[in-house]
Amino acid sequence: MGLLTGKTGLVVGVANDRSIAWGIARALHAEGADLGFTYPVPAIEERVRPLATSLGSRFVEPCDVTRDGDIDALFAKVREVFGHLDILVHAVAFANKEDLKEPYVSTSREGFRIALDVSAYSLVALARGAAPLMTGRNGSIVTMTYYGAEKVMPGYNVMGVAKAALEASVKYLAHDLGPQGIRVNAISAGPIRTLAAAGISGFKSMLHHAEEKAPLRRNVSTEEVGKTALYLLSDLASGVTGEIVYVDAGYHVMGA
Ligand code: NAD
Ligand code: 0WE
C-alpha cells in the first residue's frame, strides 16, 4: 500500500522528461497515485503522451492556462473521467525572453501582464477549478517557486515579481480553501537544467554558483523536488499549509 494509493492527481507542467513536473509525477506514481496530465499546445502533446502512458495514465488533455475555456473543459473532463480529485500539481511559468535579459525597469505593460498571468494567476484559476472536485476533505495543491521571488537574482526580473505574487497567492489560497480541508503549498527549488532553464543565458554559471555556495555543495535534482512534493501532497504533511518549502541544498540560508 503506497502513500497515495487510491488518490487521484492532476499534473500541469510536464513538457519533457527533464521537467520538474515529471520528477513529481514519477514520485507520486511510485506511491500509487492515479495521474492525469495536460499540455498547452499540440507540439508538447507529442512529448507528454508517451510519458503519461509510461505511468499507466489514460488522461492527457489540452490546457493553455491563460484560457478560461481550456480550464473549464479540463475540470469537466476530470469530473467525467476521475469523478473527484485529491492532488493538483502546478509547475508552469512563462515570461517573454527579452524580459529575462533586459533590465527589469524596461519591462513592458504587456510583458508584465503575460508573466503574471501564466506564472501566478494560473494557480488561482486552477485552484478554483480543482476545489469543487476535492471532496475528500484532504485535497492538496503544490506549486513551484524560486528564490528570485524574495531576493534579486539578476536576470530573473519580471519572473521574480510573478513568483512573489505566486507565493502570496499560496498563502491567500491556503486561507480560502483551508475550511474545505484543502492545503496549498509551494516548493522553492534551486536551479535545475530544464527546458525553462535552456533559454536563460548564463544558466550554467548560476548552477556553478549554487553548487559552490549551498551548504550541501551541490545542485538539486527533479527527483529530490519530487520527494518533497510527495510529502506535501500526502497525509505526511496533513498539518502543513500556506508554506514555502525549500529544496535548494540549503542555498537560501546563506548570508555570505
Ligand atoms: P519546464 O519548461 O519543463 O516546465 C514549464 C512548463 O510550463 C512547461 O511544461 C510549459 O509547457 C508550461 N507552460 C508555459 N506556458 C504555459 C501555458 N500558457 N499554459 C500551460 N502550460 C504552460 O521547466 P521547469 O523548470 O520544470 O519549470 C516548472 C516550474 O518550476 C516553473 O514554475 C518554474 O518557474 C519552476 N522552477 C524552476 C526552476 C529551475 O531552475 N528549472 C527552479 C525553481 C522553480
Ligand atoms: O522560473 C524559472 C524560469 C522560467 C522561465 C524560463 C523561460 C525561458 C524561455 C520563464 N519564461 C521563459 N521564457 C522563455 O522564453 N527558473 C526558476 C529558472 C531560472 O530562470 C532564471 C534563473 C533561473 C534559476 C533567469 C535568470 C536568473 C536565474
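Each remark here, short or long, concerns the structure printed above.
Keep in mind that what you see is a predicted model, and the values were worked out from it rather than measured.

Novice: Tell me about the pairing of strand β3 (residues 59-62), residues and numbers included.
Specialist: The sheet contact formed by strand β2 (residues 34-39) and β3 spans four bridges and is parallel. The partner of Gly36 across the bridge, within β3, is Phe59. After leaving β2, the chain enters helix α2 (residues 42-54) and then returns to the sheet as β3, a path that is right-handed.

Novice: Could you give an account of the site of ligand 1, with specific residues and numbers?
Specialist: For ligand 1, the set of nearby residues contains 25 residues, the closest of which are Ser19, Ile20, Lys163, Ile192 and Thr194. Summarising the interface, the protein chains cover 90% of the accessible area of ligand 1, which totals 820 Å² for the free molecule. When atoms are counted within 2 Å of each cavity's grid points, the one that captures over half of ligand 1 is the largest pocket. Elements that contribute at least two residues to the shell around ligand 1 include exactly β5 (140-145) and α6 (195-198).

Novice: Summarise helix α1 (residues 20-30); cite the residues concerned and give the values.
Specialist: With eight of its eleven residues buried, α1 lies for the most part within the structure. Ile20, Ala21, Trp22, Gly23, Ile24, Ala25, Ala27 and Leu28 are the residues of α1 that are buried. On its buried face, α1 is in contact with β1 (8-12), β2, α2, β4 (87-90), β5 and α8 (222-233). Downstream of α1 by a residue or two, Gly32 has a phi angle that is positive, lying close to 100°.

Novice: Can you lay out the sheet that holds strand β7 (residues 244-247) for me, pointing to particular residues and giving the numbers?
Specialist: Reading across the sheet, the seven strands line up as β3-β2-β1-β4-β5-β6-β7 and stay open at both edges, with parallel pairing between neighbours. Each edge of the open sheet is held by one strand with a lone partner, namely β3 and β7. Averaged over all pairs of adjacent strands, the angle between their axes in this sheet comes to 20°, without regard to strand direction. Note that β1 and β4 share four bridges and pair parallel. The residue of β4 that forms the bridge with Val12 is His90. Contacts between helix α4 (residues 109-130) and the sheet are confined to β1, β4 and β5, with β4 contributing the most and set at about 170° to the helix.

Novice: Residue-level account of the site of ligand 2, with values.
Specialist: In the vicinity of ligand 2, the contacting residues are Phe94, Ala95, Lys97, Leu100, Tyr146, Pro154, Gly155, Tyr156, Ala196, Ile200, Phe203 and Met206. The contact in question runs from an oxygen atom of ligand 2 to an N or O atom on the side chain of Tyr156, over 2.7 Å. When the free accessible area of ligand 2 is taken as 600 Å², the share hidden by the protein chains comes to 87%. Spatially, ligand 2 is embedded in the largest pocket. Class assignment of the residues belonging to the shell around ligand 2 gives a composition of ten nonpolar, one polar and one charged.

Novice: Summarise the pattern of salt bridges; cite the residues concerned and give the values.
Specialist: Summed over all chains, the structure comprises eight salt bridges. Note that Asp64 and Arg67 form a salt bridge whose closest N and O atoms lie 3.8 Å from each other. You can call Arg67 exposed: its relative accessible area is 52%. Of the charged contacts in the structure, one is a salt bridge between Glu110 and Arg113, with a shortest N-O distance of 2.9 Å. With Glu110 and Arg113 both in helix α4, this residue pair falls three residues apart, about one helical turn. Connected through salt bridges with shared partners, the residues Glu110, Arg113 and Asp117 form a single ionic network.

Novice: Could you give an account of the pairing of β1, with specific residues and numbers?
Specialist: Of all five residues in β1, five are buried; the element is thus mostly enclosed. Side chains Thr8, Leu10 and Val12 project from β1 onto one buried face, and the interleaved Gly9 and Val11 project onto a second face that is buried too. For β1 and β2, the ladder comprises four bridges, and the chain directions are parallel. In the strand pairing of β2, Val11 is matched with Phe37. Once you follow β1 into α1 and on to β2, the crossover reads as right-handed.

Novice: An account of the layout of surface pockets is requested, with residue identities and associated values reported.
Specialist: Computed from the structure, the largest pocket encloses a volume of approximately 1,400 Å³. Every residue lining the largest pocket is counted, 48 residues in all, and those nearest its centre are Ala93, Phe94, Thr194, Ala196 and Ala197. Of all the elements in the fold, those that place two or more residues in the lining of the largest pocket are α1, β2, β5, α5 (157-177), α6 and α7 (203-213). It is α6 that provides the largest number of residues to the lining of the largest pocket, a total of three residues. Looking at side-chain class alone, the lining of the largest pocket contains 33 nonpolar, eleven polar and four charged residues. Of all the secondary-structure elements, those providing two or more residues to the lining of the second largest pocket are β6 (183-189) and α7. If one sorts the elements of the lining of the second largest pocket by residue count, α7 sits on top with three residues. Of the residues in the lining of the second largest pocket, the class split is 13 nonpolar, four polar and two charged.

Conventions we followed
Here the residue numbering is sequential within each chain, running from 1 through the sequence in written order. As a convention, the first chain written is A and the first ligand written is 1, with the rest following in written order. Whole-chain, interface and lining totals are the exception, using all residues; otherwise, since this is a predicted model, local features are given only for residues with pLDDT of at least 70 and side-chain atom pairs are given and counted only at 80 or more. Hydrogens are left out, water is left out, and the side-chain values use all remaining heavy atoms of the structure. What makes two strands pair is DSSP finding at least two bridges between them. Secondary structure follows DSSP: runs of H or I at least 4 residues long count as helices, runs of E at least 2 residues long count as strands, and numbering of each begins at the N terminus. Place the viewer so that the strands point away; then a crossover is right-handed whenever the path from the first strand over the helix to the second strand goes clockwise. By convention in these notes, a residue is near a molecule or strand provided one of its non-hydrogen atoms lies within 4 Å of it. Method for areas: the Shrake-Rupley scheme with a 1.4 Å probe, in which residue coverage is limited to the protein chains shown. Cavities and pockets are defined on a 1 Å grid built over the protein atoms alone: a cavity is a set of grid points where a 1.4 Å probe fits but cannot escape, while a pocket is an open set with protein on both sides within 12 Å along at least five of seven lines, and lining residues are those with an atom within 4 Å of any such point. Occupancy of a cavity or pocket is assigned to a molecule whenever over half of its atoms lie within 2 Å of that pocket's grid points. Burial status follows relative accessibility: with a 1.4 Å probe on protein chains alone, a residue under 20% of its type maximum counts as buried, one over 50% as exposed, and anything between as partly exposed. The contact rule is simple, with two residues in contact once any of their heavy atoms fall within 4.5 Å. Orientation is described by axes fitted as lines to C-alpha atoms, over the contacting stretch for helices, and by angles from 0 to 180 degrees between their N-to-C directions. Whenever a nitrogen or oxygen atom comes within 3.5 Å of another N or O atom, the pair is scored as a polar contact, on the condition that within protein one atom can donate a hydrogen and the other can accept it, and that pairs from neighbouring residues in sequence are kept only if both atoms are in side chains. Any residue that is not Ala, Val, Leu, Ile, Met, Phe, Trp, Tyr, Cys, Pro, Asp, Glu, Lys or Arg is counted as polar, Gly included; the first ten are nonpolar and the last four charged. The term salt bridge refers to a side-chain nitrogen of Lys or Arg lying within 4 Å of a carboxyl oxygen of Asp or Glu. Grid points are joined across faces, edges and corners, and a volume is the space filled by probe spheres set on the points.

Read these as spatial facts, not as claims about activity.
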